[in-house]
Amino acid sequence: MDSSGLYLDVTDFAHSTPAWVQSAFEFWTEYGLLVFGALFIAVWWRARGARDPRTVALAVLAPFVTALAYVASELVKSSVDEERPCRAVAGAAASLIKCPVTGDWSFPSNHATIAGAAAVALAIAVRGLVLLTLPLALLMAFSRVFVGVHYPHDVAMGLLLGTSLAALAVLALAGPATRVVAAARTSGGRTAVLITGADPAR
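The shown structure was predicted, so the numbers you read here are calculated from the model rather than taken from an experiment.

A.B. asks: Explain the nonpolar core here, please?
C.D. replies: Generally speaking, nonpolar side chains in soluble globular proteins are found buried as a group. If you look at the biggest cluster of nonpolar residues, it comprises 41 residues, and the most contacted ones within it are Phe36, Val43, Val65, Leu122 and Ala137. Of all the secondary-structure elements, those providing two or more residues to this core are helix 1 (4–16), helix 3 (33–47), helix 4 (53–80), helix 6 (110–125), helix 7 (130–146) and helix 8 (152–187). Core analysis: the next-biggest nonpolar cluster, separate from the first, contains eight residues, Val21, Phe25, Leu96 and Phe146 among them.

A.B. asks: Would you mind showing me how to read a nonpolar patch on the surface here?
C.D. replies: A cluster of nonpolar side chains, contributed by Val130, Leu131, Leu134 and Leu138, occupies part of the molecular surface with about 390 Å² of accessible area. Structurally, the position occupied by leucine 131 is in helix 7. We classify leucine 131 as exposed; its relative accessible area is 72%.

A.B. asks: How should I be thinking about the packing of aromatic side chains in this particular structure?
C.D. replies: Across all of its chains, the model carries seven aromatic pairs by this definition. Ring centres 5.8 Å apart and planes at 55° place the aromatic pair tyrosine 7 and tyrosine 151 in the tilted group. Residue tyrosine 7 is located in helix 1, and its partner tyrosine 151 is located in the loop between helix 7 and helix 8; the two are separated by 144 residues in the primary sequence. Clustering of aromatic rings is evident, with ring pairs tying together Phe13, Phe25, Phe142 and Phe146. The ring of tryptophan 45 is capped by arginine 48, whose NZ or CZ atom sits 4.5 Å from the centre of that ring.

A.B. asks: Which parts of the structure should I look at to understand helix 7?
C.D. replies: An α-helical turn contains 3.6 residues, so any two residues separated by three or four positions project in the same direction. Between its first and last C-alpha, helix 7 extends 23 Å over 17 residues, near the 24 Å set by a 1.5 Å rise per residue. Of all the positions in helix 7, only Thr133, Leu136, Ala137, Met140, Ala141, Ser143, Arg144, Val145 and Phe146 are classed as buried. Among the structural elements, helix 1, helix 2 (19–31), helix 3, helix 6 and helix 8 are those in contact with the buried residues of helix 7. Where helix 7 terminates, the next one or two residues include glycine 148, which has phi positive at roughly 100°.

A.B. asks: Can you walk me through the environment of valine 80 in this structure?
C.D. replies: Positionally, valine 80 belongs in helix 4. Looking at valine 80, the relative accessible area reads 40%, which means it is partly exposed. Each C-alpha atom, one on valine 80 and one on serine 4, is 17 Å from the other, the two residues being 76 residues apart in sequence.

What counts, and at which threshold
- Residues numbered from 1 in each chain as written.
- Predicted model: local features only at pLDDT ≥ 70, side-chain atom pairs only at ≥ 80, totals over all residues.
- Heavy atoms only, no water.
- Core = buried A, V, L, I, M, F, W, Y, C linked by side-chain atoms within 4.5 Å.
- Buried < 20%, exposed > 50% of the residue type's maximum accessible area, 1.4 Å probe, protein only.
- Helix = DSSP H or I, 4+ residues; strand = E, 2+ residues; numbered from the N terminus.
- Patch = residues over 30% accessible without salt bridge, like charges linked within 9 Å, V, L, I, M, F, W, Y side chains within 5 Å.
- Areas by Shrake-Rupley, 256 points an atom, 1.4 Å probe, with all protein chains shown as cover.
- Salt bridge = Lys/Arg side-chain N within 4 Å of Asp/Glu carboxyl O.
- Phe/Tyr/Trp six-rings, centres within 6.5 Å; stacked < 30°, edge-to-face > 60°.
- Lys NZ or Arg CZ within 6 Å of the ring centre and 35° of its normal.
- Expected span 1.5 Å × (residues − 1).
- Contact = heavy atoms within 4.5 Å.

Pasting the structure below:
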């Protein structure tokens, strides 16, 4: 797939925006994934007080399935070996952030994969969060093109890979994870209670 034309359109647009807009995108593309990390912690902490062990299981699974999606992205990336557009596209404006070195391949976007997986996993854990996590994931994906380090098809595939793997993984693991949480709560162990919350029946 060749999306270099759209890449040029987006990066040319990026260079036409005010400096503060460019700085905001540079900051978001570098540190935006930390927002998902904070949401993982907040959702888990909130879930610990729930009576239903499935609520806790979904909260614990969210970062786990996101990590699985990242590993899958890395496996695809290492097999495709697509050069970064900031190095490969002739006539492209300089990327707003440093162009990754050769060997740090472009397809698919790890950032988009992680953001997509986190958005879906968090939304499954707390349904109302989809109104926050989905726009954040889309913004992360767009920012990778905006700053010039990914093609549009890199981020599109990253989002597709992350969202689909996260949904399938949660579907497959929710049952076993719920049983583990229920057993951990029943055990009453200090570490188990710290992670899963106290058994409401005790």
